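Below are the chains, spelled out letter by letter.
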Amino acid sequence: MCKLVTTKEILKKAQEGKYAVPAFNIHNLETIRVVVETAAEMKSPVIIAGTPGTIKYAGGEYLVAILEAASKKHNIPIALHLDHFEDVEEIKKYIDEGFTSAMIDASKKSYEENIKTVKEVVDYAHERGVVVEAELGKLGGQEDDLVVDEKDAMYTNPDQAKEFVEKTGIDSLAVAIGTAHGLYKGEPKLDYDRLKEIRKEVEVPLVLHGASDVPEESVKNTIELGICKVNIATDLKIPFAKAVKEYFKENPDANDPRKYMTPGKEAMKEIVVAKIKMCGSENRA
Ligand code: 13P
């Protein structure tokens, strides 16, 4: 491999092969390397995702350069994806910088406005060989700066999903079927019947957001019912932070990032391995 690919390429194969590909939210060089190197060891395609906050923090051009270097080094398909972007102009800027996939999240807007906004991004992206994911319905919980109160969460309507995909021309659809961003208070109750209905109505790959803290069997069920992209953020952040905190507890005078980051990376690697196995994307590169 030597070029970043689009999520369309990755997800089309996943859809045909009836498995999913994890999209891991990264934050810096350390987390990118853990994800990419683990995916390469397991011969799994992988999607590297960054929220607006992360991309501001790490720098879009730096991220593109790092991931281009990674895709030259490792013989697996890697896509670089903008996650939950609400600002159309920002998306255009990062597409121009080299991101290969973008999620426009206009789910807070009215249905008509959502379609209009998504269509604008699709037109811009497709002209440049970039692909687009959008969300219909609204996930609860918190993803970085995006906070949706549980009472404002809304499930995806299958009939509307069909029309939404047709009118916008999106390449993948994020569905709201009971998952939420972040940790859950109880066990999440997923609406599998709704997912089945959406799958019947819609041909593009379906995306599960908020997959952290969801029992593995439940995620596997959604993959069987047509989910092709599984988004994971929180489940990576918590063990990384926990391991670094423990390291500092044992080594209060530590100050070498190469040393105190290492246990975090090791803890994160275990989760990446488990999520790739859960998605069934091992040996699919
Ligand atoms: P979690 O933080 O719940 O894993 O959600 C990740 C996500 O959906 C990113 O878009």
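Residues numbered from 1 in each chain as written. Predicted model: local features only at pLDDT ≥ 70, side-chain atom pairs only at ≥ 80, totals over all residues. Heavy atoms only, no water.

A. Broad picture of the packing of helix α7 (residues 158-168) against helix α8 (residues 192-201). Packing of α7 against α8 leaves a shortest axis separation of 8 Å and a crossing angle of 35°. When the axes of α7 and α8 are compared, the crossing they make is right-handed. Across from Pro158, Asp159, Ala161 and Lys162 in α7, the residues of α8 making contact are Arg194, Glu197, Ile198 and Glu201. Classifying every residue of the contact of α7 with α8 by side-chain character gives three nonpolar, no polar and five charged. (Axes fitted to C-alpha atoms, helices over the stretch in contact; angles between N-to-C directions. Helix = DSSP H or I, 4+ residues; strand = E, 2+ residues; numbered from the N terminus. Left-handed = near helix turned anticlockwise from the far one by under 90°. Contact = heavy atoms within 4.5 Å. Nonpolar A, V, L, I, M, F, W, Y, C, P; charged D, E, K, R; others polar.)

B. A look at the site of the ligand. Taken together, 15 residues lie near the ligand, and Asp83, Gly210, Ser212, Ala233 and Thr234 sit nearest. With respect to the ligand, the side chain of His84 contributes an N or O atom lying 3.3 Å from an oxygen atom. The separation between an oxygen atom of the ligand and a polar main-chain atom of Ala233 is 2.8 Å. Of all the secondary structure elements, the ones that give two or more residues to the shell around the ligand are β3 (78-85), β9 (180-181) and β11 (227-232). Taken together, the residues of the shell around the ligand sort by class into four nonpolar, nine polar and two charged. (Near = heavy atom within 4 Å. Polar contact = N/O pair within 3.5 Å; in protein donor to acceptor, adjacent residues only side chain to side chain.)

C. Summary view of the environment of Lys167. Counting through the fold element by element, Lys167 comes out in helix α7. The exposure class assigned to Lys167 is partly exposed, which follows from its relative accessible area of 47%. Considered as a pair, Lys167 and Glu30 are 137 residues apart in the sequence and their alpha carbons are 40 Å apart. With residues up to four places along the chain from it excluded, the contact list for Lys167 reads Ile115 and Lys119. (Buried < 20%, exposed > 50% of the residue type's maximum accessible area, 1.4 Å probe, protein only.)

D. Structural detail: the pattern of salt bridges. Counting across every chain of the model gives 23 salt bridges. A salt bridge links Lys8 to Asp171; its shortest N-O distance comes to 3.6 Å. Linking Lys8 in helix α1 (residues 7-17) with Asp171 in the loop between α7 and β8 (172-175), this pair joins segments that are 163 residues apart in sequence. One salt bridge in this structure joins Lys167 and Glu163, with 3.8 Å as the shortest N-O distance. With Lys167 and Glu163 both in helix α7, this residue pair falls four residues apart, about one helical turn. Judged by relative accessible area, Glu163 falls into the partly exposed class, the value being 32%. When salt bridges that share partners are traced, they join Glu89, Lys92 and Glu120 into one network. (Salt bridge = Lys/Arg side-chain N within 4 Å of Asp/Glu carboxyl O.)

Limitation: the analysis is restricted to geometry and does not speak to function.
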